Amino acid sequence: MMGLGWRHPHHDELLARKPPLPFLEVHAENFFAEGGAAPALLLAARAHYDISLHAVGLGLGSAAGLDRAHLEKLALLTERVDPRFVSDHACFARVRGPRGWQHAADLLPIAFNEASLQRLVSHVAQVQDRLRRPLLVENLSAYVGWADDTLAEPEFFNELTRRSGCGLLLDVNNLLVNARNRNELDPEAACREWIARIEVGRVGEIHVAGHARVDGLCIDDHGSAVEDTTWRLFHFARERFAGAPGLLEWDTDIPSLDRLLAEVAKASTPGSRA
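Here is a short report on the structure shown in this document.

Conventions used here
Residues numbered from 1 in each chain as written. Predicted model: local features only at pLDDT ≥ 70, side-chain atom pairs only at ≥ 80, totals over all residues. Heavy atoms only, no water. Phe/Tyr/Trp six-rings, centres within 6.5 Å; stacked < 30°, edge-to-face > 60°. Helix = DSSP H or I, 4+ residues; strand = E, 2+ residues; numbered from the N terminus. Buried < 20%, exposed > 50% of the residue type's maximum accessible area, 1.4 Å probe, protein only. Expected span 1.5 Å × (residues − 1). Contact = heavy atoms within 4.5 Å. Polar contact = N/O pair within 3.5 Å; in protein donor to acceptor, adjacent residues only side chain to side chain. Axes fitted to C-alpha atoms, helices over the stretch in contact; angles between N-to-C directions. Parallel < 35°, antiparallel > 145°, perpendicular 65-115°, else oblique. Left-handed = near helix turned anticlockwise from the far one by under 90°. Nonpolar A, V, L, I, M, F, W, Y, C, P; charged D, E, K, R; others polar. 1 Å grid on protein atoms, 1.4 Å probe; cavity = no way out; pocket = protein on both sides within 12 Å on 5 of 7 lines; lining within 4 Å. Points joined across faces, edges and corners; volume = space filled by probe spheres on them.

## Focus: the packing of aromatic side chains
Then, in step 1: Evaluation of the coordinates by the stated rule reveals six aromatic pairs.
Then, in step 2: Plain terms: the ring middles of Phe23 and Phe85 are 5.9 Å apart, the flat faces sit at 80 degrees to each other, and that makes the pair edge-to-face. Placement of Phe23 in strand 2 (residues 23-27) and of Phe85 in strand 4 (residues 85-89) is noted, with a sequence separation of 62 residues between them.
Then, in step 3: Given the relative accessible area of 0%, Phe23 is considered buried.
Then, in step 4: An aromatic cluster of at least three residues, connected via ring pairs, comprises Phe112, Phe156, Phe157 and Trp194.

## Points about helix 4 (residues 114-131)
Then, in step 1: Relative to the 26 Å expected for 18 residues at 1.5 Å per residue, helix 4 spans 25 Å between its end C-alpha atoms, a close match to the ideal helical length.
Then, in step 2: Of the positions making up helix 4, those classed as buried are Ser116, Leu117, Leu120, Val121, His123, Val124, Val127, Gln128 and Leu131.
Then, in step 3: On its buried face, helix 4 is in contact with helix 3 (68-81), strand 4, strand 7 (136-138) and helix 5 (153-164).
Then, in step 4: Where helix 4 starts, the residue carrying a side-chain oxygen 3.3 Å from the main-chain nitrogen of Ala115 turns out to be Asn113.
Then, in step 5: Within two residues after helix 4, Arg132 carries a phi angle of roughly 60 degrees, on the positive side.

## Comments concerning the packing of helix 6 (residues 172-181) against helix 8 (residues 228-240)
Angle between the axes and distance between the axes are the two parameters that describe a pair of packed helices.
Then, in step 1: Relative orientation of the contacting elements helix 6 and helix 8 amounts to 125 degrees, with a least axis distance of 9 Å. If you check the angle between helix 6 and helix 8, you find them oblique. Crossing handedness for the pair helix 6 and helix 8: right-handed. Counted together, Val172, Asn173, Leu176 and Arg180 of helix 6 and Thr229, Thr230, Leu233, Phe234 and Ala237 of helix 8 form the full contact between these two elements.
Then, in step 2: Taken together, the residues that form the contact of helix 6 with helix 8 break down as five nonpolar, three polar and one charged.

## Let's talk about empty space enclosed by the protein
Then, in step 1: One pass over the full model with this rule turns up one cavity of 30 Å³ or more.
Then, in step 2: Size it by volume and the largest cavity reaches roughly 50 Å³.
Then, in step 3: Lining the largest cavity, in full, are Glu153, Leu175, Asn178, Ala179, Arg182, Ala190, Cys191 and Trp194.
Then, in step 4: Within the residue set of the lining of the largest cavity, elements represented by two or more residues are helix 6 and helix 7 (187-196).
Then, in step 5: Within the lining of the largest cavity, the residues separate by chemical class into five nonpolar, one polar and two charged.

## Quick word on the packing of helix 7 against helix 8
Then, in step 1: The interhelical angle for the contact between helix 7 and helix 8, taken along N-to-C directions, is 20 degrees, at an axis separation of 10 Å. Taken together, the axes of helix 7 and helix 8 lie roughly parallel to each other. Every pair of crossing elements has a handedness; the one defined by helix 7 and helix 8 is right-handed. On helix 8, the residues touching Glu188, Cys191, Arg192, Ile195 and Ala196 of helix 7 are Thr229, Arg232, Leu233, Phe236, Ala237 and Arg240.
Then, in step 2: A class-by-class count of the residues in the contact of helix 7 with helix 8 yields six nonpolar, one polar and four charged.

Shown next as structure tokens:
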């Protein structure tokens, strides 16, 4: 089962054509308005497809706490749409300083230690209580880290899911980006080891996307076709996690809908070349 990230250039065409897809994923914040064209469009899609709400603004790991207004908007959207999944990222985004609240407008990495884990568990629990459903939490592509990490990242996510009851949204492209930026001798093997350390039953969805290489750095830009290595990791994860549904993300330099649908079709052919 492979869904598609539904982006603005294909809003009208996809609804007109209604290609056979198990679900569509949208960025939740784009549909927070309670009236107007955007919510009407999403409800029109909901009449034909299951919907996954992928949020980017909760800042679940922020020491400053959750943005209650943001959570309330997500809850109201969830009630209107009744999505298949609701997800966000293991990151921080907000701080409170002398000038009040400040938002980074980015997904910033958290430390992998007990204090960070407890904070994330608490915030995930608050979100799930308000949404009245489990949340999926995505592993991050990160370009910096913290010196006080004491837990390996897979163990961190195993504990998060165990203590909070949430699921993991496993982004295999993010794993590969991080492994290459760490200059792993065998990035694919490092990613397979990471995946193998996640407990069976913890993964609710798997993301794939393309990334760019700029001046020796891998950038998670979702702006190209999924490469062979990422597809191999996807199929490895699908085998381990009992066919967890996949999702193709393509957010920059978005090609035609036919190109996206052809890319989605590769998910069902493990031996194909991406």
